[in-house]
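For reference, the chains in residue letters:
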Amino acid sequence: QVQLVESGGGLVEAGGSLRLSCEISGRTSKYFIGWFRRAPGKEREFVAAIHWSSTYSYYIDSVKDRFTVARSDNMNTAYLQMTNLKPEDTAVYYCNLDQRLSALKTADYDYWGPGTQVTVSS
């Protein structure tokens, strides 16, 4: 049973940066690590993902060139480096895992970690 714990969120001014972490524990195999967010009053959306090999990453258009996803060498931690933050990035951020990127993009999972709040002030 995989467990996920997100951290690193906070309050930042527009244009600022934050680095989120996702601690992964439990039984895992080769996978994509995805980052997601849920803004107030909106559905949870897929944001970015990285393959376990770190050879491939994917970003939604609104975060391209601002967010970077990475993982630790032991694959126990995933990171989301966020720069040039905008008020519309305000959301609770989550991570999750899947064998397929297409599945991650649906953001349709029964299990989620606690998430970490990111608030960007204008």
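Please refer to the structure higher up on the page.
We now turn to the structure provided with this report. (Residues numbered from 1 in each chain as written. Predicted model: local features only at pLDDT ≥ 70, side-chain atom pairs only at ≥ 80, totals over all residues. Heavy atoms only, no water.)

Here we look at the sheet that holds strand E3 (residues 18-25)
Going by this rule: One bridge is not enough; two strands pair if DSSP finds at least two bridges between them. Only runs of H or I of at least four residues qualify as helices and only runs of E of at least two qualify as strands under DSSP, and these elements are numbered from the N terminus. Axes, fitted as lines to C-alpha atoms, cover a helix only where it is in contact. Angles between the N-to-C directions of the axes lie from 0 to 180 degrees.
Reading across the sheet, the four strands line up as E1-E3-E8-E7 and stay open at both edges, with antiparallel pairing between neighbours. Lying at the two open borders of the sheet, with one neighbouring strand each, are strand E1 (3-7) and strand E7 (67-71). Going from strand to strand, the sheet's axes swing by 15° on average, the running direction of each strand aside. Where E3 and strand E8 (residues 77-82) come together, six bridges link them in antiparallel fashion.

Brief notes about the sheet that holds strand E4 (residues 32-38)
Ordered in space as E2-E10-E9-E4-E5-E6, the six strands form an open sheet in which the pairing is mixed. Here the strands that pair on one side only, and so sit at the sheet edges, are strand E2 (10-13) and strand E6 (57-59). Strand-to-strand twist across the sheet, computed as the mean angle between neighbouring axes with direction ignored, equals 25°. Inspection of the sheet shows strand E5 (residues 44-51) paired to E6 by three bridges, in the antiparallel sense. The residue of E6 that forms the bridge with Ile50 is Ser57.

Some thoughts on the state of the cysteines
Quick reminder of the rule: Disulfides are defined as pairs of cysteine sulfur atoms found within 2.5 Å of each other. Throughout this description, buried means an accessible area under 20% of the type-specific maximum (1.4 Å probe, protein chains only), exposed means over 50%, and partly exposed covers the range between.
In total, this model carries one disulfide according to the counting rule given. Between the sulfur atoms of Cys22 and its disulfide partner Cys95 the distance amounts to 2.0 Å. Residues Cys22 and Cys95 are joined through a disulfide that is right-handed, its torsion about the S-S bond being 70°. With Cys22 in strand E3 and Cys95 in strand E9 (residues 91-98), this pair connects stretches of sequence that are 73 residues apart. Comparing Cys22 with Cys95, the two get one shared label, buried.

A look at the side chain of Asn96
Put simply, the test is: Should any heavy atoms of two residues lie within 4.5 Å, those residues are considered in contact.
Relative to the helices and strands, Asn96 is located in strand E9. Contacts of Asn96, omitting those with residues within four sequence positions, involve Leu4, Phe32, Ile33, Gly34, Phe36, Leu104, Tyr109, Tyr111 and Trp112.

Considerations on the pairing of E3
Across five bridges, the pairing between E1 and E3 is antiparallel. Bridge pairing in E3 places Val5 opposite Glu23.

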